[in-house]
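Understanding the architecture of this molecule
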Amino acid sequence: MTKVEIELFMREFADDYESKEMLRLLGRHPYCRFNLQALADSLGMKPKDLGRTINRLQEKGLVRTFESKDKALYALTENEAWRDLITKTAALDYRQMANLESVP
């Protein structure tokens, strides 16, 4: 995975703070399923504010939903190439991410 690959991926798929943070969280826990409240608590956001982000990431094929009677659960995509890129991106620390984002 190159710096250019990460930059292109983040620019195309995680173009806002909420998407970037959600992908980093899911990338650090690629086999977990989160309900809306768990995502909100982990990201320090309100559940009602995450709906738009979840929908955007679902449309891009990066987040999948498991529906049940009681509630929906959200997890990282099963697409291996994207999973690999997301998990590697999630492993970067904030300094490394800031260096990527500061390059035009």
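Note that this is a predicted model, so its numbers are computed, not measured.

So, on to the overall build of the protein chain. Broken down by element type, the protein chain carries six helices and three strands. Listing each helix as α and each strand as β along the protein chain from the N terminus yields α-α-β-α-α-β-β-α-α. Pairs at least 24 apart in sequence give 58% of the contacts found in the protein chain among residues at least 6 apart.

Attention now goes to the packing of helix H2 (residues 17-28) against helix H4 (residues 47-59). Where H2 meets H4, the closest approach of the two axes is 10 Å, and the angle between their N-to-C directions is 70 degrees. The orientation of H2 relative to H4 falls into the category roughly perpendicular. Between H2, through Glu 18, Ser 19, Met 22 and Leu 23, and H4, the contact on the second element is made entirely by Leu 50, Arg 52, Thr 53, Ile 54, Arg 56 and Leu 57. Here the contact of H2 with H4 is built from residues that sort into five nonpolar, two polar and three charged.

Opposite charge on two side chains permits them to pair, given that their charged atoms come into close proximity. Counted according to the given criterion, the structure contains three salt bridges. The closest approach of N and O atoms between Arg 64 and Glu 78, which form a salt bridge, is 2.7 Å. Here Arg 64, found in strand E2 (residues 63-67), pairs with Glu 78, found in the loop between strand E3 (72-76) and helix H5 (80-90); they are 14 residues apart in sequence, far enough to count as distant.

Attention now moves to the nonpolar core. Grouped together as the largest cluster of nonpolar side chains are 25 residues, with contacts concentrated most on Phe 9, Met 22, Leu 23, Leu 26, Leu 39, Leu 50 and Leu 62. Counting residues per element, the ones that place at least two in this core are helix H1 (3-13), H2, helix H3 (36-43), H4, E3 and H5. Setting aside chain neighbours within four positions, we find Phe 9 in contact with Ala 14, Leu 23, Leu 62, Leu 85 and Ile 86.

A few words now on the environment of Val 63. The topology assignment puts Val 63 in strand E2. Distance from Val 63 to Thr 77, taken between C-alpha atoms, is 5.0 Å for residues 14 residues apart in sequence. Each residue touching Val 63, except ones within four places of it in the same chain, is listed here: Leu 26, Leu 57, Gln 58, Tyr 74, Ala 75 and Thr 77.

Along H5, the positions that sit buried rather than exposed are Arg 83, Leu 85, Ile 86, Thr 89 and Ala 90. Projected down its long axis, H5 shows its buried positions confined to an angular sector of 165 degrees, all on one face. Along H5, exposed side chains directed more than 90 degrees from the buried face belong to Glu 80 and Ala 81. With a side-chain oxygen lying 3.1 Å from the backbone nitrogen of Ala 81, the N-terminal cap of H5 falls on Asn 79.

Reading the values: the criteria
- Residues numbered from 1 in each chain as written.
- Predicted model: local features only at pLDDT ≥ 70, side-chain atom pairs only at ≥ 80, totals over all residues.
- Heavy atoms only, no water.
- Helix = DSSP H or I, 4+ residues; strand = E, 2+ residues; numbered from the N terminus.
- Contact = heavy atoms within 4.5 Å.
- Axes fitted to C-alpha atoms, helices over the stretch in contact; angles between N-to-C directions.
- Parallel < 35°, antiparallel > 145°, perpendicular 65-115°, else oblique.
- Nonpolar A, V, L, I, M, F, W, Y, C, P; charged D, E, K, R; others polar.
- Salt bridge = Lys/Arg side-chain N within 4 Å of Asp/Glu carboxyl O.
- Core = buried A, V, L, I, M, F, W, Y, C linked by side-chain atoms within 4.5 Å.
- Buried < 20%, exposed > 50% of the residue type's maximum accessible area, 1.4 Å probe, protein only.
- Arc of directions from axis to C-beta.
- Polar contact = N/O pair within 3.5 Å; in protein donor to acceptor, adjacent residues only side chain to side chain.

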